[in-house]
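# Remarks on the overall topology
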Amino acid sequence: MLYHPADDNRILWDTWMYYEKGEFHLFFLENPKNLQWDRIGHAVTCDFIRWRELPPVMLVEDAANNPDKVGLTGSILKDRDA
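Overview of the structure. Note that residues are indexed from 1 along each chain, following the sequence as it is written. Residues qualify for local features only when their pLDDT is at least 70, as the model is predicted, and side-chain atom pairs are given and counted only at 80 or more; totals for whole chains, interfaces and linings, by contrast, use all residues. Hydrogens and waters are ignored; side-chain quantities use all the structure's heavy atoms.

## Looking at the nonpolar core
Formed by Tyr3, Leu26, Phe28, Ala43 and Trp51, the largest nonpolar core amounts to five residues. If sequence neighbours within four positions are ignored, phenylalanine 28 has contacts with Tyr3, Leu12, Trp13, Asp14, Thr15, Trp16, Arg39, Ile40, Gly41, His42 and Ala43. Here, nonpolar core refers to any group of buried Ala, Val, Leu, Ile, Met, Phe, Trp, Tyr and Cys residues whose side-chain atoms link them within 4.5 Å. For every residue, the accessible area (1.4 Å probe, protein chains only) is compared with the maximum for its type, and the residue is labelled buried under 20%, exposed over 50%, or partly exposed between those bounds. Any two residues having at least one pair of non-hydrogen atoms within 4.5 Å are treated as being in contact.

## A closer look at the pattern of salt bridges
Each reported salt bridge corresponds to a side-chain nitrogen of Lys or Arg within 4 Å of a carboxyl oxygen of Asp or Glu. On inspection of all chains with the given rule, the structure shows two salt bridges. Across the pair arginine 50 and aspartate 47 runs a salt bridge, and its minimum N-O distance is 2.6 Å. Taking the relative accessible area as the measure of exposure, arginine 50 reaches 61% and is therefore exposed. Here aspartate 47 falls in the partly exposed class, since its relative accessible area comes to 26%.

## Details of the sheet that holds strand 2 (residues 23–32)
On the basis of which strands lie adjacent, the open sheet formed by four strands has the order 1-2-3-4 and antiparallel pairing. Only two strands of the sheet have a single partner each, and these edge strands are strand 1 (10–20) and strand 4 (51–59). Taken pair by pair, the neighbouring strands of this sheet meet at an average axis angle of 25°, ignoring direction. In this scheme, strands are said to pair when DSSP sees at least two bridges between them. Under the scheme used here, helices are H or I runs from DSSP no shorter than 4 residues and strands are E runs no shorter than 2 residues, and both carry numbers assigned from the N terminus. Of the strand pairs in this sheet, strand 3 (residues 39–45) and strand 4 are connected by six bridges, and their pairing is antiparallel. Within strand 4, the position partnered with alanine 43 by the bridge is glutamate 53. Note on geometry: axes are C-alpha line fits, over the in-contact stretch for helices, and angles between N-to-C directions span 0 to 180 degrees.

## Some thoughts on the side chain of histidine 25
Mapped onto the fold, histidine 25 is located in strand 2. According to the relative accessible area criterion, histidine 25 is buried, its value standing at 16%. Engagement of the side chain of histidine 25 in a polar contact is seen with the side chain of histidine 42, the distance being 2.9 Å. With near-sequence residues (within four places) excluded, histidine 25 lies in contact with Trp16, Met17, Tyr18, His42, Ala43 and Val44. In the analysis that follows, any N or O atom pair within 3.5 Å is treated as a polar contact, provided that within protein one partner can donate a hydrogen and the other can accept it, and provided that, for residues neighboring in sequence, both atoms belong to side chains.

## Points about the pairing of strand 3
By the criterion of burial, strand 3 is predominantly enclosed, with seven of the seven residues buried. Burial along strand 3 is two-sided: the residues Arg39, Gly41, Ala43 and Thr45 and Ile40, His42 and Val44 are all buried. As paired elements, strand 2 and strand 3 share seven bridges and run antiparallel to each other. The residue of strand 3 that forms the bridge with glutamate 30 is arginine 39. Hairpin connection of strand 3 to strand 4: five residues between the antiparallel strands, including phenylalanine 48 at a positive phi of 65°.

Written out as structure tokens, the structure reads:
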């Protein structure tokens, strides 16, 4: 996979993907500047070369102050009616 976040200070970890309507949605654990894994990032592609980075889908605001309260992971479920 050829995705790299625009900000070089961020590190990516676990990733998972979802395909819908011609686009692949990449979700990933992310940490800025080697702090806690405090967010789930989101990027979208049609070809795995050009990526559109979207805002995080989840952000733990107080991760740096409360590292014991952070434990993010993720998965994707599709509601058949949505």
